[in-house]
Amino acid sequence: MWADISTDLTILARAQQTVDRWRRDRRQLPFETAVSRASSMFWEDLPATLPLREAFRQVADAILRDEGHAFRNREPLLEITHRLLTPVRSR
């Protein structure tokens, strides 16, 4: 249980940091490229990490669209991680 919450919050914090950095750096890279690079820094490109990387990507996209914030409005973002990671956790 605690590991699940920790994983979700880690994804949110890392995605928020990635979006904030991308905005601050004046968007020199396409957003998708920045997210892909950040994801590869956090997780190895292995089949087992695909759900984590996809959750990270979708959370970062939602943050970019102002649909949530990792610290001020995390509920919509947690819905994304729960939807994507719950099937993996129940195995």
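Preceding this section is the structure that the text describes.
Cut-off values and rules
- Chains are numbered independently. Their residues run from 1 in the order of the written sequence.
- Only residues with pLDDT of 70 or above have their local features reported here, since the model is predicted, and side-chain atom pairs are shown and tallied only from 80 upward, although totals for entire chains, interfaces and linings are computed over all residues.
- As a convention, hydrogens and water are excluded, and side-chain values are obtained from all of the structure's heavy atoms.
- Runs of E in the DSSP output that reach at least two residues are strands. Runs of H or I that reach at least four are helices, and both are numbered from the N terminus.
- Any two residues whose heavy atoms approach within 4.5 Å at even a single point are treated as in contact.
- Here a polar contact means two N or O atoms within 3.5 Å. Within protein one must be a hydrogen donor candidate and the other an acceptor candidate, and residues neighboring in sequence count only if both atoms are side-chain atoms.
- Given a helix with a known number of residues, its expected span is that number minus one, times 1.5 Å.
- Exposed residues in this analysis have more than 50% of their type's maximum accessible area, buried residues have under 20%, and partly exposed residues fall in between, with area computed by a 1.4 Å probe over protein chains only.
- Picture the helix axis, draw a direction to every C-beta atom, and the arc is the one those directions span.
- Bend at a given residue is defined as the angle between two axes, one fitted to the seven residues that end at that position and one fitted to the seven that begin there.
- In summary, the pairing rule links any two rings of Phe, Tyr or Trp, Trp by its six-membered ring, whose centres are within 6.5 Å, and it sorts them by plane angle into stacked for under 30 degrees, edge-to-face for over 60 and tilted for everything else.
- Here, a charge over a ring means that NZ of Lys or CZ of Arg falls within 6 Å of the ring centre while also lying within 35 degrees of the ring normal.

Caption draft 1: Broad picture of the environment of Ser 39. Tracing the backbone through its elements, the reader meets Ser 39 in helix 2 (residues 31-42). Taking the C-alpha atoms as reference, Ser 39 lies 20 Å from Thr 86; in sequence the two are 47 residues apart. When residues no more than four places from it in sequence are discounted, the contact partners of Ser 39 are Arg 53 and Phe 56.

Caption draft 2: Spotlight on the side chain of His 69. Here His 69 is to be found in the loop between helix 3 (50-64) and helix 4 (75-89). Here Gln 16 takes part through its side chain, which lies 3.4 Å from a polar atom of the side chain of His 69.

Caption draft 3: Helix 2, seen in detail. Here helix 2 contains 12 residues, and its C-alpha end-to-end distance of 17 Å stays within 8% of the 16 Å for a straight helix at 1.5 Å per residue. For helix 2, the full list of buried residues reads Phe 31, Ala 34, Val 35, Ala 38 and Ser 39. Considered in projection along helix 2, the buried side chains sweep an arc of 130° and stay on one side of the axis. Exposed residues lying more than 90 degrees from the buried face of helix 2 are Glu 32 and Ser 40.

Caption draft 4: Main features of helix 4. Where helix 4 bends most, at Arg 83, the angle is about 30°, and the proline Pro 87 comes one to four residues later. Inspection of helix 4 places Leu 77, Leu 78, Ile 80, Thr 81, Leu 84 and Leu 85 among the buried residues, and these make up the whole buried set.

Caption draft 5: Quick peek at the packing of aromatic side chains. Under the criterion given, the structure shown has four aromatic pairs. For the pair Phe 42 and Trp 43, a centre-to-centre distance of 5.8 Å together with 75° between the ring planes defines the contact as edge-to-face. Looking at Phe 42, the relative accessible area reads 23%, which means it is partly exposed. Judged by relative accessible area, Trp 43 falls into the buried class, the value being 11%. Taking 5.8 Å as the distance between ring centres and 75° as the angle between the ring planes, the aromatic pair formed by Phe 42 and Phe 56 counts as edge-to-face. Here the residue Phe 42 occupies a position in helix 2, and Phe 56 occupies one in helix 3, the gap between them amounting to 14 residues. Taking the relative accessible area as the measure of exposure, Phe 56 reaches 0% and is therefore buried. Members of the aromatic cluster, joined through ring pairs, are Phe 42, Trp 43 and Phe 56. Residue placement shows Arg 14 over the ring face of Trp 43; its charged tip is 5.4 Å from the ring centre.

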